[in-house]
Amino acid sequence: FSKALPRLVLLCSLAGPESSPFTATMLPSHFEEVSEGDDLGPDFSRTAEWAELLKKFKDLEQERSWRQLVENALRGPSSAQDEPMKAFLTQLEALGFELTRRRPEEWNSCCSLLLRCSMAVLDKTT
């Protein structure tokens, strides 16, 4: 779980560009602030490495369902059945380590919030 959650958070960040402020805050070396933005915070541009990861994601997204992407992210790079998925998951995992270590207190707060939200959803469905 400790390796899978960062991969899932990053996968969601790639799927939803509106999450860039979160990702840029947690991984500032992969984003550059380009303007002050609006009430939601500054606007960011991606570095070449993040743009490459986003391209890999978009390519894989064309070939696989969201469910398949999530399942692969949960299992990690060793379970990839082809080279494009393995390369993507390997890069995602490296960024996941960076995500958890660059700002550990913020990451722990994020995990706590995600778990509380998950529990609240489970409570409503049972």
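Owing to the predicted nature of the structure, the values given are computational and were not obtained by experimental measurement.

Asks: Tell me what's going on with helix α1 (residues 4-15), and back it up with residues and numbers.
Replies: A rise of 1.5 Å per residue sets the reference length of α1, with its twelve residues, at 16 Å; its end C-alpha atoms lie 16 Å apart and thus fit the reference within 8%. With respect to burial, α1 is a largely interior element, nine of its twelve residues being buried. All buried positions along α1 are accounted for by Ala 4, Leu 5, Pro 6, Arg 7, Val 9, Leu 10, Leu 11, Ser 13 and Leu 14.

Asks: Can you explain the state of the cysteines? Please cite residues and give values.
Replies: Evaluated as defined, the whole model comprises zero disulfides. Here Cys 111 stays free of any disulfide, with the sulfur of Cys 110 as its closest cysteine sulfur at 5.7 Å.

Asks: Give me the packing of α1 against helix α3 (residues 48-63): which residues, what numbers.
Replies: Contact geometry for α1 and α3: axes closest at 10 Å, N-to-C directions at 85°. In terms of axis orientation, α1 runs roughly perpendicular to α3. Counting all contacts with α1, which are made through Leu 10, Leu 11, Ser 13, Leu 14 and Ala 15, the residues of α3 involved are Trp 50, Leu 53, Leu 54, Phe 57 and Lys 58. Counted by class, the contact of α1 with α3 contains eight nonpolar, one polar and one charged residues.

What counts, and at which threshold
- The residue count restarts for each chain, going from 1 along the sequence in the order it is written.
- The predicted origin of the model limits local features to residues at a pLDDT of at least 70 and limits the giving and counting of side-chain atom pairs to 80 or more, whereas totals for whole chains, interfaces and linings rest on all residues.
- Side-chain numbers here rest on the full set of heavy atoms in the structure, without hydrogens or water.
- Each helix is a run of H or I in the DSSP string that is no shorter than four residues. Each strand is a run of E no shorter than two, and both are numbered from the N terminus.
- To estimate the expected span of a helix, count its residues, drop one, and scale the result by 1.5 Å.
- When accessible area is computed with a 1.4 Å probe and restricted to protein chains, residues below 20% of their type maximum are described as buried, those above 50% as exposed, and intermediate ones as partly exposed.
- Cysteine sulfur atoms that come within 2.5 Å of each other are treated as a disulfide pair.
- For helices, the axis comes from a line fit to the C-alpha atoms of the stretch in contact; other axes are also lines fit to C-alpha atoms, and the angle between any two N-to-C directions lies between 0 and 180 degrees.
- Note on terminology: angles under 35 degrees are roughly parallel, angles over 145 are roughly antiparallel, angles of 65 to 115 are roughly perpendicular, and the others are oblique.
- Note on contacts: a residue pair qualifies if any of its non-hydrogen atoms lie within 4.5 Å across the two residues.
- Any residue outside Ala, Val, Leu, Ile, Met, Phe, Trp, Tyr, Cys, Pro, Asp, Glu, Lys and Arg is labelled polar, Gly included; the first ten of those are nonpolar and the last four are charged.

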